[in-house]
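# Overview (structure and organization)
Letter by letter, the chains look like this.
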Amino acid sequence: MASIKEMDQCAKKWIKEAGAKLRESFAMELNIETKTNPNDLVTNMDKETERFFVSKIKETFPGHRIFGEEGMGHDINDLKGTVWIIDPIDGTLNFIHQQRNFAISLAIYEDGVGKVGMVYDVVHDELYHAIKGEGAYLNHHPLSPLSEVGVEEAILSINASWIVTNKRINPAILAALVNDVRGTRSYGSAALELAFVAAGRIDAYITMRLSPWDFAAGSILVEEVGGKVSDLFGENLDYIKGGSLFAAKSGFHESVLEEYILKR
């Protein structure tokens, strides 16, 4: 039976190899397809990158299952056993339009518990990584435990979609929060935004709609440095169906739930 250390080392090697191939693709013409709507895009590199991971995992760890965005792994209805959760390119729109602000997200779960989390900022060659219980790192440097922050001092990452009319939440709730924080940002990659919370580059990230592969790795990173991760209402994340997400430094997480979300 493979050890966590063995899986971690393989994952690090593979994620760097996949990142190098993505950088090489910048000089090539992409094959771009539409999925659920005109803004939900997939490229040949999304598919090739997931195919690369699936091939490596099946060859090296044949008893493990794979839960990937492009559907090349297994039909996953639970997290029993060892499950690799992969987003080959998180931030595909950014990959297409900007050739930056995207990441590879890879997590390993054992019986529903996140054991390994990695978010690779391909363009900047920054690998955020963690093994449960051993802290989180940016490349070879340990990330410091997160300090508490108040609402008025916080930098919040949030997409403007959630503070205008939408189908998921009364925009006035989050607009009030946006009005009270020190500043807002939006990067277009949930994996990166979670990594930035873990690194202390932003103080919180809120979104109303994510899939499990968007947050499976980043949530491990945030929790390893003492941050809080939940859905927007403080409940546990759904690692099969996905949903809303609220990741933040301690203090801010509790204050927002109490003063803005749950009292409404």
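For the structure given in this document, a descriptive report is provided here. The structure displayed is predicted, hence computed values, not measured ones. (Residues numbered from 1 in each chain as written. Predicted model: local features only at pLDDT ≥ 70, side-chain atom pairs only at ≥ 80, totals over all residues. Heavy atoms only, no water.)

## Some words on the overall build of the protein
Applicable threshold: Strands are runs of DSSP state E lasting at least two residues, helices are runs of H or I lasting at least four, and both sets are numbered from the N terminus onward. This radius of gyration counts C-alpha atoms alone. The globule rule is 2.2 Å times how many residues there are, raised to the power 0.38. Relative accessibility decides the category of a residue: with a 1.4 Å probe and only protein chains considered, values under 20% of the type maximum give buried, values over 50% give exposed, and everything between is partly exposed. By the convention used here, residues are in contact when the closest approach between their heavy atoms is within 4.5 Å. In short, Shrake-Rupley with a 1.4 Å probe defines the accessible areas, and a residue's cover is counted only from the protein chains shown. His is not counted, nor are the chain ends; Lys and Arg add positive charge and Asp and Glu add negative charge. Think of each charge as sitting on NZ of Lys, CZ of Arg, CG of Asp or CD of Glu.
Per the secondary structure count, the protein includes 7 helices and 14 strands. Relative to the globule expectation of 18 Å for 264 residues, the C-alpha radius of gyration of the protein, 18 Å, shows essentially globular dimensions. Overall, the protein is about 50 × 40 × 35 Å in size when its C-alpha atoms are taken along their principal axes. For the protein, the residues scored as buried account for 52% of the 264 residues in total. Nonlocal contacts in the protein, meaning residues at least 24 apart in sequence, comprise 61% of its contacts between residues at least 6 apart. Of the roughly 12000 Å² that the protein leaves accessible, carbon and sulfur atoms contribute 46%. With 27 positive and 38 negative side-chain charges, the protein shows a spacing of 1 Å between the two charge centroids.

## Considering the environment of H97
With respect to the secondary-structure elements, H97 resides in helix α3 (residues 92-97). Taking the C-alpha atoms as reference points, H97 and A198, 101 residues apart in sequence, are found 26 Å from one another.

## Some details on the pairing of strand β14 (residues 243-248)
Along any regular strand, the residues point their side chains to alternate faces of the sheet. How we decide: We call two strands paired when DSSP finds no fewer than two bridges between them.
β14 sits mainly inside the fold: 5 of its 6 residues count as buried. Two elements, strand β12 (residues 204-210) and β14, share 5 bridges in a ladder whose sense is antiparallel. By the bridge assignment, I206 is partnered in β14 with F246.

## Digging into the packing of aromatic side chains
The following threshold applies: Classification of ring pairs uses Phe, Tyr and Trp, with its six-membered ring standing for Trp, and accepts pairs whose centres are within 6.5 Å; under 30 degrees between planes counts as stacked, over 60 as edge-to-face, and the remaining range as tilted.
Enumeration according to the criterion identifies 13 aromatic pairs in this entry. Where W14 meets W84, the ring centres are 5.8 Å apart and the plane angle is 35°; that geometry is what we call tilted. Placement of the pair is W14 in helix α1 (residues 4-24) and W84 in strand β4 (residues 82-90), with a sequence separation of 70 residues. In terms of burial, W14 and W84 fall into one category: buried. Look at F67 and W213: their rings are 5.3 Å apart centre to centre, the planes differ by 85°, and that puts the pair in the edge-to-face class. You can see F67 sitting in strand β3 (residues 65-68) and its partner W213 sitting in helix α6 (residues 212-224), a full 146 residues away along the chain.

## Concerning the side chain of S189
Within the secondary structure, S189 is located in the loop between β11 (183-185) and α5 (190-199). Judged by relative accessible area, which is 1%, S189 ranks as buried. When near neighbours in sequence (up to four residues on either side) are disregarded, S189 contacts D90, G91, N94, N101, F102 and A103.

## A few points about the nonpolar core
What counts, and what does not: Residues belong to a common nonpolar core when they are buried Ala, Val, Leu, Ile, Met, Phe, Trp, Tyr or Cys residues joined through side-chain atoms within 4.5 Å.
Core analysis: the biggest nonpolar cluster contains 40 residues, and I85, Y109, V119, L221 and L245 have the highest contact counts within it. Where this core is concerned, the elements lending two or more residues are β4, β5 (103-110), β7 (126-131), β8 (136-138), α5, β12, α6 and β14. In this view, L221 contacts G117, V119, Y128, H129, A130, A136, A195 and A198; residues no more than four positions away in its chain are not counted. Counting 30 residues, the second-largest nonpolar core is a separate cluster that includes M7, C10, I108 and M118.

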